[in-house]
Amino acid sequence: SLSAGLDLAGRFLFATLTLMALIAILVFIEEAVYIYKKIPSSKRSIIIWINAAAPVISTTSCIGMWIPRSAMFTDFTAGIFFAIVIHKFLMMMIKECGGQRVLLRRFENGHFTISTGPCCCCCLCLPRVPITRKTLFWLKLSTFQFAVFRPVLVFLSIVLWTNDNYTLYNLSPKGPALWISCLVGALTLFALWGVGIMFRKVRILLKCKNIIPKFALYQFIVILNHLQITIINMLATQKIIPCAPPLSSTVRGSYIAHQLLIMEMFLITVISRVFYRRKYHDLEPPECVAEEPGDKKQTP
């Protein structure tokens, strides 16, 4: 057991980080109760899913910190959950505009700017795409595919691992880990691109909904949970992070990454509570209020 070899300072660090993970869970539970009571049912589950991202990652990181051999499973679990959250964030922006029908009417003659990050931020020559039912479908599909294919790739990785064909830190071209990681990276970029296109269009309209800080928190989770872990794992694989018996370089890199994630996700959980706890009916855009009576008259 890792905890058996810890000195007093190490035990204090482990206890503090575990307490932070527990507090993050309690803050989320309290926030979920508030959302369930105060937020309309059409948006309730989506907002709870988004708020759960940081506490879930904090919890899986805490398990990975205490049980280093479980790191692959905890990272996979956090990755699957966040793949679903990416799709939920796109759906939240559509819901905050009043739903797909109201969004299409509001931007009837508008266009999506597809020359945005992370895929096409340098391709300024790309044409603007009209906002139609079809383009909205493709945006939703860009995030939905990630929520579907990420669990499938995780399942494939676990099957290969049980057969000793998959090693998480073996990135040689002959091993499957490199190709699965590249495919996951490509799917991730495509999903983030869809969210970025939608955010660029609605960020001014939903400014009263605090969509900009909410998007910033979402981006921080993406960077910390994907880019930070990838960089640390690369440093550990190249032995830049030295081993510290009984921990090898790769295990110690995973150990450091999980500790950082617990602290970072704790802060994001607390900050998210501030922005998502606002009363939504006080922040409704004037356009939505003006169009709602007309919507009701048209409803048979």
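- The chain is annotated in an unreviewed UniProt entry as OSTA protein from Leucopsar rothschildi.
- Quoted straight from UniProt, the Subcellular location (unreviewed entry) entry for the chain says "Membrane".

1. As for the UniProt feature "transmembrane region" (unreviewed entry) in the chain
- Mapped onto this structure's residue numbering, the UniProt feature "transmembrane region" (unreviewed entry) falls at residues 12-34, 46-67, 73-91, 137-161, 176-195, 215-236 and 256-276.
- Between the first and last C-alpha atoms of residues 46-67 the distance is 31 Å; the span itself is 95% helix and 0% strand.
- For residues 215-236, the end-to-end C-alpha separation is 31 Å, with 100% helix and 0% strand making up the annotated structure.

2. Details of the packing of helix H3 (residues 71-96) against helix H5 (residues 133-162)
- The interhelical angle for the contact between H3 and H5, taken along N-to-C directions, is 170°, at an axis separation of 9 Å. For the element pair H3 / H5, the angle class is roughly antiparallel.
- Residues belonging to the contact of H3 with H5 are distributed by class as follows: 19 nonpolar, four polar and two charged.

3. Examining a nonpolar patch on the surface
- Residues Phe137, Trp138, Leu141, Phe144, Val148, Phe149 and Val152 make up a contiguous nonpolar surface patch of roughly 660 Å² in combined accessible area.
- Structurally, valine 152 can be placed in helix H5.
- Here valine 152 falls in the partly exposed class, since its relative accessible area comes to 48%.

4. Here's the deal with helix H2 (residues 41-66)
- Compared with the 38 Å implied by 1.5 Å per residue over 26 residues, the 38 Å span of H2 between its first and last C-alpha is a close match.
- The largest bend in H2 comes to about 35°, at alanine 53, with the proline proline 55 one to four residues further on.

5. Remarks on unusual backbone geometry
- We note that asparagine 210 has phi near 60°; this positive angle belongs to a residue other than glycine.
- Checked against the element boundaries, asparagine 210 lands in the loop between helix H6 (176-202) and helix H7 (211-237).
- Given a relative accessible area of 15%, asparagine 210 falls into the buried group.

6. Describing the packing of aromatic side chains
- For the structure on display, the rule yields 11 aromatic pairs.
- Between phenylalanine 73 and tryptophan 161 the ring centres are 5.2 Å apart and the planes differ by 85°, which places this aromatic pair in the edge-to-face class. Taken together, the residues phenylalanine 73 in helix H3 and tryptophan 161 in helix H5 connect sequence positions 88 residues apart.
- Phenylalanine 73 sits in the partly exposed class, given a relative accessible area of 31%.
- Of the residues examined, tryptophan 161 reaches a relative accessible area of 38% and is grouped as partly exposed.
- Pairing phenylalanine 89 with tyrosine 218 gives two aromatic rings, centres 4.6 Å apart and planes at 10°, and the pair type is stacked. Of this pair, phenylalanine 89 sits in helix H3 while tyrosine 218 sits in helix H7, and the two are 129 residues apart along the sequence. This pair shows no difference in class: phenylalanine 89 is buried, exactly as tyrosine 218 is.
- Site record: aromatic cluster; members linked through ring pairs are Phe82, Phe89, Phe199, Phe215 and Tyr218.

7. Notes on H5
- Over its 30 residues, H5 extends 44 Å from the first C-alpha to the last, a length consistent with the 44 Å expected when each residue adds 1.5 Å.
- The largest bend in H5 amounts to roughly 25° and is located at serine 142.
- Turning to H5, its buried residues number three or more, namely Thr135, Leu136, Leu139, Ser142, Thr143, Gln145, Phe146, Ala147, Arg150, Leu153, Val154 and Ser157.
- Of the surrounding elements, those touching the buried residues of H5 are H3, helix H4 (100-106), strand S1 (111-112), strand S2 (129-130), H6 and H7.
- Directly beyond the C-terminal end of H5, a positive phi value near 65° is found at aspartate 164.

Analysis parameters
Residues numbered from 1 in each chain as written. Predicted model: local features only at pLDDT ≥ 70, side-chain atom pairs only at ≥ 80, totals over all residues. Heavy atoms only, no water. UniProt positions renumbered as here; feature names shortened; annotations may be inferred. Helix = DSSP H or I, 4+ residues; strand = E, 2+ residues; numbered from the N terminus. Axes fitted to C-alpha atoms, helices over the stretch in contact; angles between N-to-C directions. Parallel < 35°, antiparallel > 145°, perpendicular 65-115°, else oblique. Nonpolar A, V, L, I, M, F, W, Y, C, P; charged D, E, K, R; others polar. Patch = residues over 30% accessible without salt bridge, like charges linked within 9 Å, V, L, I, M, F, W, Y side chains within 5 Å. Areas by Shrake-Rupley, 256 points an atom, 1.4 Å probe, with all protein chains shown as cover. Salt bridge = Lys/Arg side-chain N within 4 Å of Asp/Glu carboxyl O. Buried < 20%, exposed > 50% of the residue type's maximum accessible area, 1.4 Å probe, protein only. Expected span 1.5 Å × (residues − 1). Bend = angle between axes of the 7 residues up to and from the residue. Phe/Tyr/Trp six-rings, centres within 6.5 Å; stacked < 30°, edge-to-face > 60°. Contact = heavy atoms within 4.5 Å.

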